[in-house]
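Listed here are the chains, written in short residue letters.
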Amino acid sequence: MAESVGEVPSGEKEFAESTRRIRDIIEFPEISEEQFEEMLRKASRTYGGPLPHRTYSLCPETRRVVPALVWEKDGKVWITKRCPEGMITDVYYENVEQYYRFQKWKFDFKLKSVNVENTGVNCPFDCGMCARHRSHTNLLNIVLTNRCNLSCWYCFFYAKEGQPIYEPTLEQIRMMLRNAKKEYPIGANAVQFTGGEPTLREDLVEIIKIAKEEGYDHVQLNTDGIKLAFEPELVKKIREAGTNTLYLSYDGMTPQTNWKNHWEIPLIFENVRKAGGPGIVLVPTTIRNVNDHELGAIINFGLNHLDIVRGVNFQPISQVGRVPKKERQRFRITIPGAIKRIEEQTNGVIAMEDWYPIPIAGHIARFFEAFAGKRYYMTSHFACGAATYVFLDRENKRVVPIPRFIDVDGFVEFLEEKAEEIEGWKTLGRLKKLKLGAEIFMKFRSFYDEKYAPKGLDVLGLIKNAFMHGNYDALGKFHQNALFLGMMHFMDEYNYDVERVERCVIHYAMPDGRIVPFCTFNVIPELYRDKVQDQFSYTWEEWKAMHPDWEYQKDKYLRTKEFVERMKNSEVYRKTYIDIEDYFGTNPGSEVVE
Amino acid sequence: MTVKPEKRLTKLVLRFGSIDWEKATAKQYELEKDERVWRAFINGYAKNGFVIFDEEALPREELLEKLSELKPEIRKEEAVTVGELIESSYSWNNILGRMES
C-alpha cells in the first residue's frame, strides 16, 4: 500500500492508489442549445421557485457570468450553462425529492451593512458584503498564515519555498474580527482561524485571546492537528485561551484515505482528553470513488469518541480550477449522494429524512428573536448545507437521530406560527412570556415521542427549562450524548450558483476591509484570496530578514517510519481505532489497518 | 513588501458612453484581476462606475486604454490612501439601516 512515510505527507501516492478502482461514475445528461434556451425562457426566477429554475453561474475558462439553468432529469438536479467554451453541465443535487424537501425551508435575511460602495450588480465579481447579500456572517474565517506543515499535492495555496509569506499582523486580525462583529443588524459571533496551518503561528494564543476580547463566543481552529499531536502543552494553552472547537481534517478510516493525520489522530485525541478540550469536529472532505465508502464508519468512529468529538461535518468535494468532465463524473458527490451513502452504510439508522437544510434554523431564529430577543439567523441557500443530530443511547447501544422522536417539521411550523403571533403583539411582558413558554412546553409534548427517545436524555426537562425559565444549562447534557452531523458543499466553477453565493453564511475577512463569501474567496482566487494576499504578503527575503531563525523545512512535518511503527504497536492506537464499538452493525472499523 | 497604509491611490469616478451588463461584468473581472487595481465597480445599467488604483504602478493612460471600449469619461478624481480605503470599508461606516430610519 502506498503511503506517505519517511517524507512530508502530500497524499499524491495515496490518491493515485485510491483512484485506481472506480466504483461508479455519474453520467451527465446531454442538452441541446435549443432545449436549453426553451427551458430558460420558461424557468422560474425567484429564489426557491420550481424547476426548471433560472440563475447565474460562472464559466470555468473565460470567467464570464452567464445565465444558468437548474433542472431535473431522471430524479437528479442538474445545472447547465452556455459558456463561450461550450455547453457545460454538472450535477447540482443527486436527489430531486431531497431538493424540494429542503427548498421548503428557504429563509432570507437582509444584511444592512456593507463593505463596498456598489449594488452587487456584477456579483460575484464586485464582492465585499454588499447591498445584495442576504445573510449575515455566521462563521467568519481569517487566514492566519499561508505556511503549512504538509505539502498536499492538490493545494495551490500554501507557500512553497521562495514564495511570498502571507501573515496578517495582530492589529490587522483585530480589525478583521471587529469588521464582522459590527455587521448590522447582527454581528458575527463565531470565528474560525485557518491557513495554511494556523498552529504554525507562534502568537496563536494571543490571537485567540484577541478574538475573545472582540466579543466572539465561539473560536475554532481549522487544523490538520499535527502540531497538537506532539505538543500537549499547546493544546492546553489554546484551550485555556478560549478555543472552543478544533475543526479537524479527517478524511477516512485508513492511512490511505486519511493520509493527512491517520497516525497522529490517537495522540491528538489523547492530548485533547488530557487538556479537557477543545471539542473536536471531524471534517471529511468527501470524494466519490475515494472515501465515500467510509462515511458510516467515520460517524461510528465519532460516536466512539463522544467525550471529545462533538460532530462530523462532511464536505463534498469542491473541484476548483479547470477540471475535465471525466474527472468531475468520477469524483463529484453532492449532499444527497453523501446522505444516501450514510443511510446505506449505517444500515438505515441515519436515513435521508433525518437530515434538514441549514436555513430551517432561520425559521427557529425568527421565533427566538420574537420570544427572547436573541438574534442569529443561519440563512444559507437551502442547497448549501444539511444537518442533523444523532443521540447515543449507551445503555442499549442504539443510535437515534433527533427526527425519530421529535416531529421537527411540526414543531418548527408551530414555532413559526407563534413567532407571527408574538410579532403582532405590542409588548411581551414577563407574565405573558411565562404563559407563552408554558403553552409551548405543553404543546411540545404532542411533537415528542418518548417511545423512540434515547434513554437517559431528559428532552422534556430541557425544553421546559429553555422555554419557561430561559435556562439553557441542560444543553450541556444534550451535547454530551449527541453527535452533530453536518454537510457543507462548497461550490466550484462547474456548479456555481450566484443565488447560493449571495446567501452565503461562511465568510472570509480580508485585510483590505472587505468580508467576502467562502465561494467567492476560494473559487475566484485571482480576484480575492490570492490577489489580496499578494498585496499584503512579505517577499521571501523580507520574511527571512524579519525572522532570522526561521527555516522553511522546520515548518514541515516529516512522518518517520519509526513513528508509524511505534504507533501501530501502541495501546493508544488500539484504543482509538481497533477496540471500538460497532453501533451500526456493519463492522465499520474492519478496514482499519493493524 | 506588504502594503503600507499611507500608500496613495487614485480614485476615478467615471461615466460610460457604450456599455451594457455583459460588457460591464467582463470589464469588472478584467480590472479586478489586476493587482494594481484596488477596487472597481462598473455599472452596466446606470452606465457609471469608479476605479481605485495604484497610479504609480498602473499609469492612468493604461487604465483608460483598458476601458476604452466602454467610452469612459472622467467625472471626478480623488486621492485616497490604502488606510483610508480600508477604514471606509468597515461595516460600522456603511450601515444602510440608518439611512432607512
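The rules behind the values
- Residue numbers run consecutively from 1 along every chain, following the written order of its sequence.
- Chain labels run from A onward and ligand labels from 1 onward, assigned in the order the entries are written.
- The model is predicted, so local features are restricted to residues of pLDDT at least 70 and side-chain atom pairs to those at 80 or more, both for listing and for counting; the totals for chains, interfaces and linings are taken over all residues.
- We count a stretch as a helix when DSSP gives it H or I for four or more residues in a row; a strand needs E for two or more, and each element gets its number in order from the N terminus.
- Around each residue's C-beta, the other C-beta atoms within 10 Å are counted; 20 or more make the residue buried, 12 or fewer make it exposed, and counts in between make it partly exposed. All C-beta atoms are placed from the backbone.
- For every residue pair, C-beta atoms are placed from the backbone, and the pair is scored as a contact if these atoms sit within 7 Å.
- Only Asp, Glu, Lys and Arg are considered charged in this grouping, and only Ala, Val, Leu, Ile, Met, Phe, Trp, Tyr, Cys and Pro are considered nonpolar; every other residue, Gly among them, is considered polar.
- At least two bridges found by DSSP between two strands are what make those strands a pair.
- Fitted lines through C-alpha atoms serve as axes, helices being fitted only where they are in contact, and the angles separating the N-to-C directions of these axes extend from 0 to 180 degrees.
- The quantity called pLDDT is the predictor's confidence in a given residue, expressed from 0 to 100.
- Working definition: roughly parallel below 35 degrees, roughly antiparallel above 145 degrees, roughly perpendicular at 65 to 115 degrees, and oblique for all remaining angles.
- For a crossing to be left-handed, the near helix must be turned anticlockwise from the far one by less than a right angle; the clockwise case is right-handed.
- Note on definitions: a nonpolar core is a set of buried residues drawn from Ala, Val, Leu, Ile, Met, Phe, Trp, Tyr and Cys, linked by C-beta atoms within 7 Å.
- Expected span of a helix: the number of residues minus one, times 1.5 Å.

Student: Can you walk me through the overall build of chain B in this structure?
Tutor: For chain B, the helix and strand inventory stands at four helices and four strands. Across its three principal directions, the C-alpha atoms of chain B cover 40 × 35 × 20 Å. For chain B, buried positions account for 35% of its 101 residues. Expressed as a percentage of contacts within chain B between residues at least 6 apart in sequence, the contacts between residues at least 24 apart total 69%.

Student: How do you make sense of the overall build of chain A when you look at a structure like this?
Tutor: For chain A, the count of helices and strands is 23 helices and 17 strands. Seen through its principal axes, chain A has C-alpha atoms that stretch 65 × 60 × 50 Å. The buried share among the 594 residues of chain A stands at 48%. A separation threshold of at least 6 residues defines the contact pool for chain A, and within that pool the share at least 24 residues apart is 71%.

Student: What is the right way to read the environment of Pro-517 of chain A from this model?
Tutor: All names here are of chain A. For Pro-517, the location among the structural elements is in strand E17 (residues 515-517). Its 28 C-beta neighbours within 10 Å are what place Pro-517 among the buried residues. Apart from residues lying up to four places away in sequence, Pro-517 is in contact with Val-501, Cys-504 and His-507.

Student: Would you mind going over unusual backbone geometry with me for this structure?
Tutor: Note on backbone geometry: most residues besides glycine have negative phi, and most peptide bonds are trans. Residues and elements named next belong to chain A. The omega angle of the peptide bond from Leu-51 to Pro-52 is 0 degrees, so this bond is cis rather than trans. Here Pro-52 is to be found in the loop between helix H2 (33-42) and strand E1 (53-58). The omega torsion across Gly-195 and Gly-196 is 20 degrees, close enough to zero to call that bond cis. Take Gly-196: it is sitting in the loop between strand E6 (190-194) and helix H5 (204-213). Within the chain, Asn-347 stands out as a residue other than glycine whose phi angle is a positive 55 degrees. Mapped onto the secondary structure, Asn-347 falls in the loop between helix H11 (335-345) and strand E12 (356-357). When the 12 C-beta atoms within 10 Å are taken as the criterion, Asn-347 is described as exposed. With a phi close to 50 degrees, Lys-397 is a non-glycine residue in the positive phi region.

Student: Looking at this model, I keep getting lost on the interface of chain A and chain B. Mind explaining?
Tutor: Quite often, the size of an interface is put as the accessible area lost when its parts meet. Counting residues at the interface gives 33 residues for chain A, matched by 26 residues for chain B. Ranked by the residues each element gives to the side of chain A that touches chain B, the list is headed by helix H19 (residues 529-535) of chain A, at three residues. Here the residues of the side of chain A that touches chain B are counted per class, giving 11 nonpolar, 10 polar and 12 charged.

Student: Help me out: how do you make sense of the sheet that holds strand E2 (residues 65-73) of chain A in this one?
Tutor: Adjacent strands of a sheet form backbone hydrogen bonds with each other and so pair up, either parallel or antiparallel. All names here are of chain A. Pairing within the open sheet is antiparallel, and its four strands lie in the order E1-E2-E3-E4. Since the sheet does not close on itself, it has two edges, and those belong to E1 and strand E4 (86-93), each with one partner. Sheet twist, expressed as the average angle between the axes of neighbouring strands with direction ignored, equals 35 degrees. Note that strand E3 (residues 76-83) and E4 share seven bridges and pair antiparallel. Bridge pairing links Val-77 to Tyr-93 in E4.

Student: Help me out: how do you make sense of the confidence of the model for chain B in this one?
Tutor: Close inspection of predicted coordinates is inappropriate in any region flagged by low pLDDT. Averaged over chain B, the pLDDT score is 94; the fraction of residues at 70 or greater is 94%. Prediction confidence for the complex, expressed as pTM and ipTM, is 0.95 and 0.95 respectively.

Student: So what exactly am I meant to see when it comes to the packing of helix H7 (residues 232-241) of chain A against helix H8 (residues 265-275) of chain A here?
Tutor: Two quantities define a packed helix pair, namely the angle between the axes and the distance from one axis to the other. Residues and elements named next belong to chain A. Here H7 crosses H8 at 50 degrees, and the two axes come no closer than 9 Å. It follows from the interaxial angle that H7 and H8 lie oblique. Like other packed secondary-structure pairs, H7 and H8 cross with a definite hand, here right-handed. Residues Pro-232, Val-235, Lys-236 and Arg-239 of H7 pack against Asn-271, Val-272, Lys-274 and Ala-275 of H8. For the contact of H7 with H8, a count of residues per class yields four nonpolar, one polar and three charged.

Student: How should I be thinking about the pairing of strand E2 (residues 37-43) of chain B in this particular structure?
Tutor: Looking along a regular strand, one sees the side chains alternate between the two faces of the sheet. Residues and elements named next belong to chain B. Buried residues dominate E2, accounting for seven of its seven residues. Sheet topology note: the E2/strand E3 (residues 48-53) ladder contains six bridges and is antiparallel. Counted as the bridge partner of Ala-40 is Val-51 from E3. Counted between consecutive antiparallel strands, the loop separating E2 from E3 contains four residues, among which Lys-47 sits at a positive phi close to 60 degrees.

Student: Please clarify how the environment of Val-3 of chain B should be interpreted in this entry.
Tutor: Mapping Val-3 of chain B onto the fold places it in the segment before strand E1 (8-16). Overall, the presence of 18 C-beta atoms within 10 Å leaves Val-3 of chain B in the partly exposed class. Each C-alpha atom of the pair Val-3 of chain B and Asp-34 of chain B lies 16 Å from the other, and the pair is 31 residues apart in sequence. Apart from the residues within four sequence positions on either side, Val-3 of chain B is in contact with Gln-535 and Phe-536 of chain A together with Val-82 of chain B.

Student: Help me understand the nonpolar core in this model?
Tutor: Generally speaking, soluble globular proteins have nonpolar side chains that are buried together. Membership of the largest hydrophobic core comes to 146 residues, with the highest contact counts inside it found for Ile-142, Val-191, Leu-282, Ile-298 and Val-390 of chain A. Once residues lying within four places of it in the same chain are set aside, the contact partners of Val-191 of chain A are Leu-140, Ile-142, Leu-177, Ala-211, Tyr-216 and Val-219 of chain A. The next biggest cluster of nonpolar side chains, apart from the first, holds 19 residues, and it includes Leu-14, Leu-31, Val-37 and Leu-70 of chain B.

Student: Explanation requested: the pairing of strand E15 (residues 482-488) of chain A in the structure shown.
Tutor: All names here are of chain A. Most of E15 is tucked away: five of the seven residues are buried. In this sheet, E15 lies alongside strand E11 (residues 309-316) in parallel orientation, the contact comprising four bridges. Bridged to Asn-313 within E15 is Gly-486. Here strand E13 (residues 385-393) pairs with E15 via seven bridges, running antiparallel. Paired with Gly-385 across the two strands is Met-488, which belongs to E15.

Student: Got a minute to help me understand helix H12 (residues 360-372) of chain A in this structure?
Tutor: One full turn of an α-helix is made of 3.6 residues, so residues set three or four places apart face in the same direction. All names here are of chain A. With 13 residues, H12 extends 18 Å from end C-alpha to end C-alpha; this agrees with the ideal 18 Å at 1.5 Å per step. Among the residues of H12, Ile-360, Ala-361, Gly-362, Ala-365, Arg-366, Phe-367 and Ala-370 are the ones counted as buried. Those residues of H12 that are buried lie in contact with E12 and helix H13 (408-424). Taken from the residues just after H12, Gly-373 is the one with a positive phi, measuring 75 degrees.

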